[in-house]
Amino acid sequence: MKKYWLLKSEPDTYGWSDLEGLGEDHWDGVRNYQARNFIRDMSVGDLGFFYHSGKACEIVGVIKITSAPYQDPTTSDGCWLCVNVKCEKILPKPVTLKQIKTESRLSNMVLLKNSRLSVQPVEKDAFEYILQLSR
């Protein structure tokens, strides 16, 4: 069963354009156990939102998980994982955190309850609704 995610990155550090330029890359550097556990739950074919954190605070695109979780190459500590991701599509219009906060249909998003979590699940209905908002 396909799952849906939200992956956050500061655009000045690693933004949508960086991933787009590579086409596919590994999503590494996660050092939070809860976020790592979510990575562990990812499967090839799952979809996720690419979220620009920091000053931007907006969902800018859709990514696809292209590998099973594996050892994060940025550390020798075997407990940290990463997955490969690729760009699926840029959103026609970014969906901002401010906008998400005003939508009652999105009030249960992890993004609103644990804003610092860099990898988080998204319910299918919320994922589809955000795609509608981006049009």
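Our structure's up above, just so we're on the same page.
What counts and what doesn't
- Residues numbered from 1 in each chain as written.
- Predicted model: local features only at pLDDT ≥ 70, side-chain atom pairs only at ≥ 80, totals over all residues.
- Heavy atoms only, no water.
- Helix = DSSP H or I, 4+ residues; strand = E, 2+ residues; numbered from the N terminus.
- Rg over C-alpha atoms; globule rule 2.2 N^0.38 Å.
- Contact = heavy atoms within 4.5 Å.
- Areas by Shrake-Rupley, 256 points an atom, 1.4 Å probe, with all protein chains shown as cover.
- Lys, Arg positive; Asp, Glu negative; His and termini not counted.
- Charge placed at Lys NZ, Arg CZ, Asp CG, Glu CD.
- Buried < 20%, exposed > 50% of the residue type's maximum accessible area, 1.4 Å probe, protein only.
- Arc of directions from axis to C-beta.
- Polar contact = N/O pair within 3.5 Å; in protein donor to acceptor, adjacent residues only side chain to side chain.
- Disulfide = S-S within 2.5 Å.
- Salt bridge = Lys/Arg side-chain N within 4 Å of Asp/Glu carboxyl O.

## Focus on the overall build of the protein
Here comes step 1: Each helix and strand in the protein was counted, giving six helices and seven strands.
Here comes step 2: In the protein, the succession of helices and strands from N to C terminus is β-α-α-β-α-β-β-β-β-α-α-β-α.
Here comes step 3: Relative to the compact-globule value of 14 Å for 135 residues, the protein shows a C-alpha radius of gyration of 14 Å, a close match.
Here comes step 4: For the protein, restricting intrachain contacts to residue pairs at least 6 apart in sequence, the fraction spanning at least 24 positions comes to 67%.
Here comes step 5: Of the roughly 7,200 Å² of accessible surface on the protein, 47% is carried by carbon and sulfur atoms.
Here comes step 6: Across the protein, 18 positive and 17 negative side-chain charges occur, with their mean positions spaced 6 Å apart.

## Points about helix α3 (residues 33-40)
Here comes step 1: Among the residues making up α3, those that are buried are Ala35, Arg36, Phe38 and Ile39. The arc enclosing the buried residues of α3, seen along the axis, measures out at 155 degrees, which places them on a common side.
Here comes step 2: For α3, the secondary structure elements touched by its buried residues are β1 (4-9), β6 (81-96) and β7 (119-122).
Here comes step 3: Capping the start of α3 is the job of one residue whose side-chain oxygen sits 2.9 Å from the backbone nitrogen of glutamine 34: asparagine 32.

## Some details on the state of the cysteines
Here comes step 1: Applying the stated criterion to the full structure yields zero disulfides.
Here comes step 2: You can see cysteine 82 has no disulfide; the closest cysteine sulfur is in cysteine 79, sitting 13 Å from it.
Here comes step 3: Accessibility expressed as a relative area gives 0% for cysteine 82, which makes it buried.

## Observations concerning the side chain of serine 67
Here comes step 1: Secondary-structure assignment places serine 67 in the loop between β4 (58-65) and β5 (70-71).
Here comes step 2: By relative accessible area, serine 67 is classed as buried at 11%.
Here comes step 3: Looking at serine 67, its side chain comes within polar contact range of the main-chain nitrogen of asparagine 84, at 2.8 Å.
Here comes step 4: Beyond its immediate stretch of four places on either side in the chain, serine 67 contacts Val44, Val83 and Asn84.

## Focus on the pattern of salt bridges
Here comes step 1: All told, the structure shown has two salt bridges when counted by the stated rule.
Here comes step 2: Where arginine 31 meets aspartate 72, a salt bridge forms, and the shortest distance between an N and an O atom there is 3.0 Å. Taken together, the residues arginine 31 in the loop between β2 (24-27) and α3 and aspartate 72 in the loop between β5 and β6 connect sequence positions 41 residues apart.
Here comes step 3: Judged by its relative accessible area of 38%, arginine 31 falls in the partly exposed class.
Here comes step 4: On the basis of relative accessibility, which here comes to 0%, the residue aspartate 72 falls in the buried class.
Here comes step 5: Between glutamate 128 and lysine 124 there is a salt bridge, with the nearest N and O atoms lying 3.9 Å from each other.

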